[in-house]
Amino acid sequence: MPTTVPAQMRALVLADFGNLLLEDRPTPVPAPGEVLVRIVATGICGSDLHGYTGENGRRQPGQVMGHETVGVVAALGDGATGHALGDVVVLNPNLACGTCARCLEGNAHICARRRVIGVDPAISSAFADYLAAPAANLVPFAGDVAVGALVEPLAVGYHAALRGGVDADSRVLVLGGGPIGQAVAIACRRLGAASVLVSEPHPARRTLVAQLGFAVVDPGTEDVHEAAGTIDVTIDAVGVSATLATALAATSAGGTVVLVGMGAPTVELPAYAISTAERTLVGAFCYAPAHFADTAAWAAGAVAELAPLISRTVGPEQAQAAFAGLADGSDSASKILVAFAPDLLN
Ligand SMILES: NC(=O)c1ccc[n+]([C@@H]2O[C@H](COP(=O)([O-])OP(=O)(O)OC[C@H]3O[C@@H](n4cnc5c(N)ncnc54)[C@H](O)[C@@H]3O)[C@@H](O)[C@H]2O)c1
Ligand SMILES: [Zn+2]
Ligand SMILES: [Zn+2]
């Protein structure tokens, strides 16, 4: 059972671009309808790294980042329902209005008034000992606690595969073998895809993807289109002009290309590859709330399959070094978790 909540907590503050400092901050107080979560571990996401370096302009000095997280319910705000003290929960970081047409149809992730925990500097976030979030954004997690920190990126992959209509007949090509490409490939296997091939230039990433049980191709030395054979759905988990061109060339006439990678804000597209072969190009962003909950339920029972996704776990004191190594490329780790309560990890 959780012990008394302290008034002050540790938080990893983005003091300046390239500099994370572990500071004392007031522990958030859950508002009505909110739950206070004792953070166990939070994954370092590519978007946190870009926030850390300052290159994506979506994080600001002074803020606390972190949105891929698992924790334990430590206190309940007035009227917060559906959770009990001590329950392990994972966080859907998308906060939406709940009343617009997108929210009401179950697509809160594309609500025009969406705000994101870990992105918005005004919101309590997950690289800290505690986080307060609406009860509805927390989903019970019954599996190995560390795997809970993977649910958020896994849900991105699952939603992208569903957006592509992947089913048991699908022959799928995934471009990019980073955490999102890995999540996409795992989701396609979960959906029973007939075949899944992952294209990834980085040798360490290819090794990991192969260890996860997928066929891999090196786009630097092989013709991806040729290696792939007939492809019904290509999921681009890189998102630059070159990968979209590969995706469109490799996908059969009438097939689907899903753009989930966000490697560039503007890309050039081979237009006739879309028009003349009636390929469908669809976007995928985050996950519908139902897809997040579905991923949490599935991941809880897939611990052995998912454990290799975690490269290593560090303490908050080592987070600055971990971010620096990932940002400058000297560390080839795929997913590093920052554990705020390592004693609660398993
Ligand atoms: N749409 C969403 O909701 C969403 C959510 C999370 C992340 N993203 C985006 O997805 C992308 C992937 O995220 P990630 O965390 O896996 O990033 P990552 O940088 O860790 O992985 C990208 C991988 O692509 C590989 N790559 C580079 N060029 C390639 C090429 N030509 N062909 C094949 N692979 C190539 C890299 O070696 C790397 O392993 C990023 O752009 C990220 O911003 C989107
Ligand atoms: Zn993320
Ligand atoms: Zn809305």
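Scroll up to find the structure.
Residues numbered from 1 in each chain as written. Chains lettered and ligands numbered in written order. Predicted model: local features only at pLDDT ≥ 70, side-chain atom pairs only at ≥ 80, totals over all residues. Heavy atoms only, no water.

Points about the site of ligand 1
Logical step 1: The local shell around ligand 1 holds 21 residues, among which Glu200, Arg205, Val260, Met262 and Cys286 are the closest.
Logical step 2: Taking Gly176, its main chain carries an N or O atom lying 3.5 Å from a nitrogen atom of ligand 1.
Logical step 3: Here an oxygen atom of ligand 1 and a backbone polar atom of Cys286 are 2.7 Å apart.
Logical step 4: Expressed as a share of its isolated accessible area of 860 Å², the protein-covered part of ligand 1 is 74%. (Near = heavy atom within 4 Å. Polar contact = N/O pair within 3.5 Å; in protein donor to acceptor, adjacent residues only side chain to side chain. Areas by Shrake-Rupley, 256 points an atom, 1.4 Å probe, with all protein chains shown as cover.)

Looking at the coordination of the zinc ion (ligand 2)
Logical step 1: Donor atoms from the polypeptide that bind the zinc ion (ligand 2) are Cys45 (SG), His67 (NE2) and Glu68 (OE), placed at 2.1 to 2.6 Å.
Logical step 2: For the zinc ion (ligand 2), the donor residues sit on a single chain with the sequence spacing C-x21-H-E. One end of the pair, Cys45, is in the loop between strand 3 (34-43) and helix 1 (46-53); the other, His67, is in the loop between helix 1 and strand 4 (68-76), and 22 residues separate them in sequence.
Logical step 3: Note on Cys45: relative accessible area 16%, which makes it buried. (Donors = N, O, S within 2.8 Å, 3.2 Å for Na, K, Ca; no water. Helix = DSSP H or I, 4+ residues; strand = E, 2+ residues; numbered from the N terminus. Buried < 20%, exposed > 50% of the residue type's maximum accessible area, 1.4 Å probe, protein only.)

Overview of the coordination of the zinc ion (ligand 3)
Logical step 1: Binding of the zinc ion (ligand 3) to the protein goes through Cys97 (SG), Cys100 (SG), Cys103 (SG) and Cys111 (SG), at separations of 2.3 to 2.4 Å.
Logical step 2: In this structure, the zinc ion (ligand 3) is surrounded by four donor atoms whose angles at the metal cover 106 to 114 degrees, and the resulting shape is tetrahedral.
Logical step 3: Every donor residue of the zinc ion (ligand 3) comes from the same chain, spaced as C-x2-C-x2-C-x7-C.
Logical step 4: Accessibility expressed as a relative area gives 24% for Cys97, which makes it partly exposed.
Logical step 5: Residue classification places Cys100 among the buried residues on the basis of a relative accessible area of 19%. (Tetrahedral: all angles 85-135°; square planar, octahedral: opposite > 155°, others 65-115°.)

Thoughts on the nonpolar core
Logical step 1: One finds Cys188, Ile235 and Leu306 to be the most contacted residues of the largest nonpolar core, which totals 55 residues.
Logical step 2: In terms of residue count, the dominant contributor to this core is helix 4 (residues 151-163) (seven residues).
Logical step 3: Two domains each donate at least three residues to this core, and these are domain 1 (8-149 + 310-344) and domain 2 (157-283).
Logical step 4: Counting 41 residues, the second-largest nonpolar core is a separate cluster that includes Val13, Ile39, Ile123 and Leu131. (Core = buried A, V, L, I, M, F, W, Y, C linked by side-chain atoms within 4.5 Å. Domains from an automatic or database assignment.)

A closer look at the packing of helix 4 against helix 5 (residues 179-190)
Logical step 1: Viewed as axis vectors pointing N to C, helix 4 and helix 5 meet at an angle of 55 degrees, and their least axial separation amounts to 7 Å. Classified by the interaxial angle, the pair formed by helix 4 and helix 5 is oblique. The hand of the helix 4/helix 5 crossing is right-handed. Across the interface between the two elements, Pro153, Leu154, Val156, Gly157, Tyr158, Ala160 and Ala161 from helix 4 touch Ile180, Ala183, Val184, Ile186, Ala187, Cys188 and Arg190 from helix 5.
Logical step 2: Looking at side-chain class alone, the contact of helix 4 with helix 5 contains 12 nonpolar, one polar and one charged residues. (Axes fitted to C-alpha atoms, helices over the stretch in contact; angles between N-to-C directions. Parallel < 35°, antiparallel > 145°, perpendicular 65-115°, else oblique. Left-handed = near helix turned anticlockwise from the far one by under 90°. Contact = heavy atoms within 4.5 Å. Nonpolar A, V, L, I, M, F, W, Y, C, P; charged D, E, K, R; others polar.)

Brief notes about unusual backbone geometry
Logical step 1: Although it is not a glycine, Glu278 sits at a positive phi angle of roughly 45 degrees.
Logical step 2: One can find Glu278 in the loop between helix 9 (271-275) and strand 15 (280-283).
Logical step 3: Residue classification places Glu278 among the exposed positions, given a relative accessible area of 63%.
Logical step 4: If you check the backbone angles, Cys286 has positive phi at about 45 degrees while not being a glycine.
Logical step 5: When you line up the elements, Cys286 lands in the loop between strand 15 and helix 10 (289-299).

A closer look at the side chain of Arg59
Logical step 1: Here Arg59 shows up in the loop between helix 1 and strand 4.
Logical step 2: Using a relative accessible area of 2% as the deciding quantity, one classes Arg59 as buried.
Logical step 3: Engagement of the side chain of Arg59 in a polar contact is seen with the backbone oxygen of Gly118, the distance being 3.2 Å.
Logical step 4: In contact with Arg59, other than residues within four places in its own chain, are Leu14, Phe17, Ser47, Asp48, Gly51, Met65, His67, Gly118 and Val119.

Note that all results are geometric; they support no functional claim without further evidence.
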